[in-house]
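Working through the structure, step by step
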Amino acid sequence: MSSGKGKQTIITKDDELLLQNFSRNVTFKSSINFYMNALIVSVTPLWLFWKIHQMDPLEFGIIWIIMTLLSTWLVSFAYRNSKYVLKHKFAQKREDAVAREVLKSIPDDKKMPKKEKDERILWKKNEVAEFESTTFAIFYNNVLYIFLTILFSFYVLRSLNPNFNYMLSVGCSAGLLALFSTGTH
Amino acid sequence: LLVSKTILNEYLVAGKEITVKYSIFNVGESAAMEVSLHDDGFQKSSYDIVSGSTKAEWERIAPETNVSHIVVVVPLTAGSYNLSYAQVAYKANAETNDFQHGYTSQVGEIYVAQRRDFDRLFSLHLADWLIFCAMTMTTLAIPYSLYNQSRKKYEQQDLAAAAQKKAKSL
């Protein structure tokens, strides 16, 4: 691990990798994944506003584009935060099962130092936690977003003009999603 | 004769039928003869007449009886319209040759709403909701099934390990 010499703390390559794996920052691939999913879920309610609220796409196209982009950014922000919180939980939950899986996969006749085994377990644990936290964060936030949009649009703001209804429903849903995701639990 | 002109619809929508009812009440003691009703209020440029006629005639309306006439029209565009009175002409009794002229009650200004505003409030949109549900399912089902696959795999392993441990301890 890190060795402290006097007042300086030297971070090794292993520490750097560990920090990167469990930091709030996401990889480029993960970021694209989040933005694509956020875009899809932000575009989905437009169907309701077009067909049920009878908003004309040609007339309201510009507003739709602006709000969709805003919503995409806020929802992907929510995904990122949720994933960060969930990853630690899933990493703890799957620790034993992943360790067993990795140890099972090592042939008995192969002599591997303990450090290498631990590294493999840590890498696999990180991979599983990354996958489960990403997919669950997307699922959970999508459910919440769709629910809030329908609630605002067809119940809370139903008497408003369709244009304001759309802007407030989508804005509030995405905003609340981003806000809830900043919680620690 | 007392003549009224009323609209039976609750909501007036462009492209949807409006039912107009004319009711003639003979409150006099003698029969009204050669009664004719004539309404110029529905111009061809603004309305399509779907059923009935804006002109009607009755040979005789007995005293203390009433008759009615229905016209169904479709307004072509949304907006405000003024539905004025229709005209009635009749002979007060069988002996006279003079026609008396009268007017129905006025409906006044009506507002015909756009079709899309009406649909927004009242249409069920079942097909639209079904399509939305199908679209939503893909954004929810795919990430959930991926998560669930991984979860089940590792939870089964945990259960198997726990069962093995229990068997060993026994």
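Given the structure is predicted, the values throughout are model-derived calculations rather than measurements.

Within chain A, the regular secondary structure consists of 6 helices and 2 strands. The helix and strand sequence of chain A, counted from the amino end, reads β-β-α-α-α-α-α-α. The burial tally for chain A puts 43% of its 185 residues in the buried class. For chain A, the share of sequence-separated contacts (at least 6 apart) that also reach a separation of at least 24 residues comes to 77%.

Once that is clear, we can look at the overall build of chain B. Tallying secondary structure elements over chain B gives 2 helices and 10 strands in all. Counting from the amino terminus, chain B carries its helices and strands in the arrangement β-β-β-β-β-β-β-β-β-β-α-α. With respect to the three principal axes, the spread of C-alpha positions in chain B is 120 × 35 × 20 Å. Counting the 170 residues in chain B, one finds 35% classified as buried.

The next thing to look at is the side chain of T54 of chain B. All names here are of chain B. Take T54: it is sitting in the loop between β4 (47-51) and β5 (55-61). Accessibility expressed as a relative area gives 15% for T54, which makes it buried. Residues within four places of T54 in sequence aside, it is in contact with L37, H38, D39, F42, I49 and V71.

Residue and element names in this part refer to chain A. Structurally, N141 can be placed in helix α5 (residues 114-156). Given a relative accessible area of 2%, N141 falls into the buried group. The residues contacting N141, other than those within four sequence positions of it, are A78, Y79, S82 and L177.

Let us look at helix α4 (residues 57-105) of chain A. When the terminal C-alpha atoms of α4 of chain A are compared, their 55 Å separation across 49 residues is substantially less than the 72 Å that a helix rising 1.5 Å per residue should span. The sharpest bend along α4 of chain A measures roughly 55° and falls at E95 of chain A.

Below, the discussion takes up the sheet that holds strand β1 (residues 2-7) of chain B. All names here are of chain B. Sheet architecture is open: 4 strands sit in the order β1-β2-β6-β4, paired in antiparallel fashion. Two strands in the sheet have a free side with no partner beyond their single neighbour: β1 and β4. Averaged over all adjacent pairs, the angle separating strand axes in this sheet is 30°, with direction ignored.

Listed as interface residues are 36 residues of chain A and, on the opposing side, 24 residues of chain B. Summed over both sides, the interface of chain A with chain B buries roughly 2,700 Å², with 67% coming from carbon and sulfur. When the buried area of chain A at its contact with chain B is split by residue, W47, I52 and Q54 of chain A rank highest and sum to 22% of it. If you look at where chain A meets chain B, you find 8 residue pairs in polar contact (both at pLDDT 80 or more). Broken down by secondary-structure element, the contributors of at least two residues to the side of chain A that touches chain B are α2 (28-43), α3 (46-51), α4 and α5 of chain A. Top element by residues in the side of chain A that touches chain B is α5 of chain A. It accounts for 13 residues. Counted by class, the side of chain A that touches chain B contains 20 nonpolar, 5 polar and 11 charged residues.

By the definition in use, this model includes 12 salt bridges over all chains. The partner of D158 of chain B in a salt bridge is R100 of chain A, with the nearest N and O atoms 3.3 Å apart. Of this pair, D158 of chain B sits in helix α2 (residues 126-169) while R100 of chain A sits in helix α4, which puts the two residues in different chains. Here R100 of chain A falls in the partly exposed class, since its relative accessible area comes to 33%. With a shortest N-O distance of 2.8 Å, K5 of chain B and D39 of chain B are connected by a salt bridge. Here D39 of chain B lies in the loop between β3 (32-38) and β4 and K5 of chain B lies in strand β1, a separation of 34 residues in the sequence.

Residues and elements named next belong to chain A. Averaged over chain A, the pLDDT score is 86; the fraction of residues at 70 or greater is 83%. The element-level mean pLDDT for chain A is lowest in strand β1 (residues 3-5), coming to 46, with helix α6 (residues 162-181) highest at 94. Here residues 1-5 scores under 50 on pLDDT; set against residues more than four positions off or in separate chains, the count is 8 contacts.

Let us now look at the packing of α5 of chain A against α2 of chain B. Packing of α5 of chain A against α2 of chain B leaves a shortest axis separation of 9 Å and a crossing angle of 155°. One finds that α5 of chain A runs roughly antiparallel with respect to α2 of chain B. Seen from above, α5 of chain A lies across α2 of chain B with left-handed handedness. In terms of residue class, the contact of α5 of chain A with α2 of chain B is made up of 17 nonpolar, 5 polar and 3 charged.

Right, let's talk about the sheet that holds β5 of chain B for a bit. All names here are of chain B. An order of β5-β3-β8-β9 is seen for the 4 strands of this open sheet, with the pairing classed as antiparallel. At either margin of the open sheet sits one strand with a lone partner, and together these are β5 and β9 (99-103). Along the sheet, successive strands turn relative to each other by an average axial angle of 20°, direction set aside. Pairing between strand β8 (residues 87-91) and β9: 5 bridges, direction antiparallel.

Another point: unusual backbone geometry. Residue and element names in this part refer to chain B. Of note, E34 is a non-glycine position whose phi angle comes to about 45°, a positive value. Along the polypeptide, E34 turns up in strand β3. The backbone phi angle of E64 is positive, close to 55°, even though this residue is not glycine. Here E64 lies in the loop between β5 and β6 (66-75). The exposed category is assigned to E64, whose relative accessible area is 70%.

Rules used throughout
The written sequence of each chain sets the order in which its residues are numbered from 1. In the order they appear in the text, chains get letters beginning with A and ligands get numbers beginning with 1. Local features are withheld for residues below a pLDDT of 70 in this predicted model, meaning they are given only at 70 or higher, and side-chain atom pairs are given and counted only at 80 or more; totals for whole chains, interfaces and linings count all residues. Hydrogens and water are ignored here; the side-chain numbers use all heavy atoms of the structure. Put simply, DSSP marks the helices as runs of H or I at least four residues long and the strands as runs of E at least two long, and each gets a number from the N terminus on. Accessibility here uses a 1.4 Å probe with only protein chains present; expressed as a share of the type maximum, an area under 20% marks a residue as buried, one over 50% as exposed, and anything in between as partly exposed. Contacts between residues were defined by any pair of non-hydrogen atoms, one from each residue, lying within 4.5 Å. Here, expected helix span is obtained from the residue count minus one, scaled by 1.5 Å. What is called the bend at a residue is the angle between a pair of axes, fitted to the seven residues leading up to and ending at it and to the seven starting from it. Between any two strands, at least two bridges found by DSSP are needed for them to pair. Only the stretch in contact is used when a helix axis is fitted, and all axes are lines through C-alpha atoms; the angle between N-to-C directions ranges over 0 to 180 degrees. Note on definitions: buried area is the accessible-area loss of two parts on being combined, 1.4 Å probe, summed for both. Contacts described as polar in this section are N or O atom pairs within 3.5 Å, which, within protein, must combine one atom able to donate a hydrogen with one able to accept it, while residues neighboring in sequence count only if both atoms come from side chains. When residues are sorted by character, Ala, Val, Leu, Ile, Met, Phe, Trp, Tyr, Cys and Pro go into the nonpolar class, Asp, Glu, Lys and Arg into the charged class, and all the rest, Gly among them, into the polar class. Salt bridges are defined by distance alone: a side-chain nitrogen of Lys or Arg within 4 Å of a carboxyl oxygen of Asp or Glu. Along the chain, pLDDT gives the predictor's confidence residue by residue, from 0 to 100. Our angle categories are set so that under 35 degrees counts as roughly parallel, over 145 as roughly antiparallel, 65 to 115 as roughly perpendicular, and the remainder as oblique. In this scheme, a crossing is called left-handed if the near helix is turned counterclockwise away from the far one by less than a right angle; it is called right-handed if the turn is clockwise.

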